[in-house]
Structure formats: C-alpha cells, structure tokens
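# Understanding the architecture of this molecule
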Amino acid sequence: MRQTPAMRRIWLLLVALALLLTACAGDAPLDTLEPEGPAARTIDNLLNGVLVPAAIVFVFVEGGILWLAWRYRAGRRRTEGDEDDEDDIPAQTHGNLILEIAWTAVPALMLGGVAVFTVGAIFDLADEPEDAMQVEVIGQQWWWEFRYDTDDDGEVDIVTANEMVVPAGTPIDLDITSRDVIHSFWIPALNGKLDAVPGRHHDLTIEADEPGIYWGQCTEFCGLSHANMRMRTVALSPEEFDEWVDNQLEPAVAPETAAQQSGQDFFVAQCGTCHQINGVNDVEEADLVAGSAPNLTHLMSRSTFAGSIFRLYEEADDEDLDYLALPDVGTLDRAQLEAWLRDPPGLKPMDPDDRRGMPNFNLSEDQIDQLVDYLSTLR
Ligand code: CUA
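Residues numbered from 1 in each chain as written. Predicted model: local features only at pLDDT ≥ 70, side-chain atom pairs only at ≥ 80, totals over all residues. Heavy atoms only, no water.

Our focus in this paragraph is the sheet that holds strand β9 (residues 212–217). With mixed pairing, the 3 strands of this open sheet are ordered in space as β4-β10-β9. Where the open sheet ends on each side, the last strands, each with one partner, are β4 (163–167) and β9. For this sheet, the mean inter-axis angle between neighbouring strands, taken without regard to orientation, is 20 degrees. Its contacts with the sheet place helix α4 (residues 238–249) against β4 and β10 (230–236), and it is angled at close to 130 degrees to β4. (Pairing = 2+ DSSP bridges. Helix = DSSP H or I, 4+ residues; strand = E, 2+ residues; numbered from the N terminus. Axes fitted to C-alpha atoms, helices over the stretch in contact; angles between N-to-C directions. Contact = heavy atoms within 4.5 Å.)

What follows is the structure, given as structure tokens:
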C-alpha cells in the first residue's frame, strides 16, 4: 500500500501523541518533579525558577521565528508592485544599536540571575548536617549494599541489600562507593544522583519528610543488568526504625524443622561462598561483609530482592505497606523466589562466567524447595 501525504501526516500525529503520552504517568515512582525531602526540594525550587523564565523565552523566540518564517515565506508579496520575483531579497536592516544592546544585555542578566541561585543551591546541597546518621552505600554488579555502624564504634554491625531503611525526618549522610565498576546512586524523590566510583567515597545527604518507600535506579551504565539495578529507600518513623535496627542486630533465626535444617546445610554448601547469613557461615573475625553477594541474614525483612526487581511478598508494591509487619502478615511470593533459584541469569541478564552475578546451579526441585523453606524463615 502506498503512503499518501495524508496518511503520513496521521502517522506523524500518532508518533507525536505517543511521545506526549509517555510524559503522562500519574504514579511514576521515579518522578523528579515531586520532591519528598529537603535536598530534592532545593533542586526542584531551582529547576522551577529556571524553567518558568526559560519557557517564556522559548515561546517568545520560537514563536517569533515561526511567525517570521510564515510572514516572509517565498511566494508572498514582499514589496509593492513586485509580486512574483522569487529572487528578490526583502529590505535589509543592520546596525540597530539599541536592539543589539538589548538582546545582548537581557540574556546576560538572566544568566547572571540563574548563576546566583544555582551557586546558592550548590552550597545548600553540599552542607553536611552535623546530626546526620551515616550509611555506607556500595554499588555492585547489579545490586546495592548498605552498611550501618549503629553504635559508632567504627565497626559495621548491619549489612543489608537493595532496601536502605532510614528514620524519616533525620538527615542521612551517605558514603557512596563501588566494589567493581562505576554506578550511580539516585533516589529522585530525596536528592539528585551521585556516582559510585571504585576507590572513591562520595558524600550525599538524603532526608525523607515522611515515612514511605522511595524508589531509585542505578543511572550509570554498569554492564548487562544496569537497567535491573534498582533500590529503595524505606523511611520509617523513628520508633519503627529502632525496632528495625534491633531485629537486624539479631543473628539469623535457627532452623526449626528438618526441612529447614536441610535447607540451611544446603545453603552453606552451595550458596555460602558468596552469600552470608550471620551466625551461620560468618567468615573469620565476625566480618559481616561477605562482599560479592547480598547478606541474607534478614532476607524476609525486605520487600524485594535481586536488585529490587522482584518482589518477595505479594504486597511489596502496596502503597500503604506495613514494612516491619511483612514477615508476619505478608504473603510470600514463593513462585517468584523459586523461579529465581531455578535460573537466575534467565530472569536477570548476568555474566556469571565472568564472576558477575548469580550462576544457574541447576538445582533440583527438591533442593529449591528446601532452600526456600529455609530462606523464608530469615525474618
Ligand atoms: Cu549499576 Cu548501572
């Protein structure tokens, strides 16, 4: 079928409409324009202050260009009594001093104004509040590790993955680094993004106004599963946060049934080289940091796994999720966890041959059952 100009115009219109609709999600969790903390609000205020004048300038300049192009288009009568001469040049103007000074000075003044507010915002964002809580953030292919030193004795006492739990209304000073390649940490509702670079430590302060779950995404291309490297910041009330800390400081729950015990034995033999469960397969000197894979001591206290791309509980995406109660009232998404153990690289592109990501161990259905029986007790 041949394309007529009318059809082409309809296609063009459809493409433009589709583009417009991509900007219309009502509940986009990575919306940069809905700040939920002081740092994000500073950025948002600056953006609005620049965007509004920029939009006015844009409409004025683009409108002027379009109007001039239409007003003086070829074929239009340009001068009296000279209707059809295509080569005729319109009357030329040059050297209007006042106009030239005006269109140099006005943009310079506007940019000067933008600079004043930008520099102010940069200094605001660089401020590190003294009462901030510290969390170490480590980017890994392809998940995030969070380490806490809750008693400030210089030793890490909580290690968790993918979901960083913090108290709402408290500034959190993040120390961001990476274990392998460059990643970028970004929770758009709480602050801008900052690169996680191996061998370097970058400071970023976040604070959530209210308890809630704030989604994030790695924003520096870091290999195969870059797009599957998400994270969440879970802000709890200060009392709930203390409760969370108390639970995290506990060693792993001991197996109660024979099936759970078999699962634990199998875990130590098969998974224990990379994953750690505190009190089960700690490496020497009680180092909680296994390093290359998430610490699973309190796996079930999280709502998602594998770079926060799969949910552990059916309720993981509920808006009014009772985070601490998940292990008691949540419905374990057992099929999802089993599917993951059956073939991790099949569900999330990874490169285990090059020691990046979790391999497929070709586990039997019995082994998968035992493992899930055990893992699902780790609250
Ligand atoms: Cu990590 Cu992209």
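Having seen it, we continue.
To continue, consider the sheet that holds strand β8 (residues 202–206). With respect to topology, 5 strands assemble into an open sheet ordered β3-β2-β1-β5-β8, the strand pairing being mixed. Looking at the sheet topology across the chains shown, the edges are occupied by β3 (158–161) and β8. Each neighbouring strand pair of the sheet contributes to a mean axis angle of 25 degrees, computed without reference to strand direction. In this structure, strand β1 (residues 133–140) lies alongside strand β2 (residues 143–148), joined through 5 bridges in antiparallel fashion. The residue bridging Gln140 from the neighbouring strand is Trp143, located in β2. Sitting on the sheet, α4 is in contact with β1, β2 and β3, with an inclination near 100 degrees to β3.

Viewed as axis vectors pointing N to C, helix α5 (residues 258–270) and helix α9 (residues 365–375) meet at an angle of 100 degrees, and their least axial separation amounts to 7 Å. Put simply, α5 runs roughly perpendicular to α9. Along its contact with α5, which presents Ala259, Gln260, Ser262, Gly263, Gln264, Phe266 and Phe267, the element α9 presents Gln367, Gln370, Leu371, Asp373 and Tyr374. Residues of the contact of α5 with α9, tallied by class, amount to 5 nonpolar, 6 polar and 1 charged. (Parallel < 35°, antiparallel > 145°, perpendicular 65-115°, else oblique. Nonpolar A, V, L, I, M, F, W, Y, C, P; charged D, E, K, R; others polar.)

Moving on, we get to the nonpolar core. Residues Tyr148, Leu174 and Phe185 are the most contacted members of the largest nonpolar core, which totals 63 residues. Residue contributions to this core peak at 5 residues, all from α9. The residues contacting Leu174, other than those within four sequence positions of it, are Val135, Val137, Met164, Phe185, His202, Asp203, Leu204 and Ile206. (Core = buried A, V, L, I, M, F, W, Y, C linked by side-chain atoms within 4.5 Å. Buried < 20%, exposed > 50% of the residue type's maximum accessible area, 1.4 Å probe, protein only.)

In this section: the domain arrangement of the chain. The domain boundaries assigned to the chain delineate domain 1 (31–71 + 95–127) and domain 2 (132–379). Taken over C-alpha atoms, the centre of domain 1 sits 41 Å from the centre of domain 2. Between domain 1 and domain 2, the contact holds 13 residues from the first and 11 residues from the second. Buried area between domain 1 and domain 2, both sides added, is near 800 Å², and the carbon and sulfur share of it is 52%. Looking only at domain 1, the three residues that lose the most surface to domain 2 are Thr32, Glu36 and Pro38, adding up to 46% of its buried area. Along the contact surface separating domain 1 from domain 2 lie 1 salt bridge. (Domains from an automatic or database assignment. Buried area = accessible area lost by both parts, 1.4 Å probe. Salt bridge = Lys/Arg side-chain N within 4 Å of Asp/Glu carboxyl O.)

Turning next to a negative patch on the surface. A cluster of acidic residues, Glu239, Asp242, Glu243, Asp246 and Glu250, forms a negative patch on the protein surface. Of note, Glu239 is situated in helix α4. (Patch = residues over 30% accessible without salt bridge, like charges linked within 9 Å, V, L, I, M, F, W, Y side chains within 5 Å. Areas by Shrake-Rupley, 256 points an atom, 1.4 Å probe, with all protein chains shown as cover. Lys, Arg positive; Asp, Glu negative; His and termini not counted. Charge placed at Lys NZ, Arg CZ, Asp CG, Glu CD.)

Turning our eyes to something else, we now look at the environment of Asp351. Topologically, Asp351 is positioned in the loop between α8 (344–347) and α9. Residue classification places Asp351 among the partly exposed residues on the basis of a relative accessible area of 28%. A C-alpha to C-alpha distance of 7.6 Å links Asp351 and Leu224, two positions 127 residues apart in sequence. Ignoring sequence-local partners within four residues, the contact set of Asp351 consists of Trp142, Leu224 and Arg356.

Applying the stated criterion to the full structure yields 12 salt bridges. Across the pair Asp209 and Arg41 runs a salt bridge, and its minimum N-O distance is 2.8 Å. Of this pair, Asp209 sits in the loop between β8 and β9 while Arg41 sits in helix α2 (residues 38–71), placing them 168 residues apart in sequence. Judged by relative accessible area, which is 32%, Asp209 ranks as partly exposed. Using a relative accessible area of 33% as the deciding quantity, one classes Arg41 as partly exposed.

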